[in-house]
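A closer look at the structure
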Amino acid sequence: MMERIRQCICALFFTFTLGCTFSAHAGDPGPYWLVFLDISEEPYQDGQKLLIDLRNMESLADGKREFCFMCNGGDAGSYVDVLYLYSIPVGLSVEELRKAVKGDDAAKRKMQSVLNKFEDNKGHGVDGLLIYDHQPGKVTIYTMDKKVGSKLTTESKEVKSKLLHSSLDKLLEDAAGKLDRPV
């Protein structure tokens, strides 16, 4: 009798563990499709260069993070599938985005409409836009959903001169995590 109870408990534990493993991936929207744009004023326009460096890395060199959200190496490349960095969807404007992050609702809605309508040559859209803004002493990443009317969210980090790759990676990961993505 005790052996039968032990077998039932083991079977329940195995079933529960297996169920948790599968449910952790259920509803996962998959890798991100993102647009990145640096709206910083001169001489603070370092975001694109830093992100290009980060995308070319296989892992973070400074060892401050276990994994790299934006790196292309190994398993890390699976977090961000497509990143529009060199060319951006037609209609996105640095000037309009600067207005949007300063609170201009019309400019924000206009840029969200561009994101919402964008499709690449295979018909795939993007999850959203990560806007890099480096001001003296601070870098802010604004997250813009493609859902017209949604609010901008922010992630910020104080800096002395420039952001470390690991700090940029963490900011971008946190910012991307705020995007409303369909399951």
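The structure under discussion appears in the preceding block.
All values reported here derive from a predicted model rather than from experimental measurement.

Cut-offs applied
- Residues numbered from 1 in each chain as written.
- Predicted model: local features only at pLDDT ≥ 70, side-chain atom pairs only at ≥ 80, totals over all residues.
- Heavy atoms only, no water.
- Disulfide = S-S within 2.5 Å.
- Buried < 20%, exposed > 50% of the residue type's maximum accessible area, 1.4 Å probe, protein only.
- Helix = DSSP H or I, 4+ residues; strand = E, 2+ residues; numbered from the N terminus.
- Contact = heavy atoms within 4.5 Å.
- Salt bridge = Lys/Arg side-chain N within 4 Å of Asp/Glu carboxyl O.

Section: the state of the cysteines
Here the structure, examined in full by the defined rule, presents one disulfide. Each disulfide pairs two cysteine sulfurs, and for C68 the partner residue is C71, the sulfurs being separated by 2.0 Å. Its S-S torsion of approximately 75 degrees makes the covalent link between C68 and C71 right-handed. Of the two residues, C68 and C71, neither departs from the other in class, the shared state being buried.

Side note on the environment of V80
Positionally, V80 belongs in strand β2 (residues 80–84). On the accessibility criterion, V80 (1% relative accessible area) is buried. In this structure the C-alpha to C-alpha distance between V80 and G30, which are 50 residues apart in sequence, comes to 8.9 Å. Dropping the residues within four chain positions of it, V80 is found in contact with P31, Y32, L34, R55, F69 and M70.

A closer look at the pattern of salt bridges
By the definition in use, this model includes nine salt bridges. In this structure, E95 engages R98 in a salt bridge whose closest nitrogen and oxygen atoms are separated by 2.9 Å. Separated by three residues within a single helix, E95 and R98 lie in helix α3 (residues 94–101), roughly one turn from each other. On the accessibility criterion, R98 (14% relative accessible area) is buried. Residues D105 and K108 are paired through a salt bridge, measuring 3.2 Å at the closest nitrogen-oxygen approach. Here K108 and D105 lie together in helix α4 (residues 105–117), a separation of three residues that amounts to about one turn. Taking relative accessible area as the criterion, D105 reaches 38% and is therefore assigned partly exposed. On the basis of relative accessibility, which here comes to 8%, the residue K108 falls in the buried class. In the salt-bridge network here, residues are joined through shared partners; they are E41, E95 and R98.

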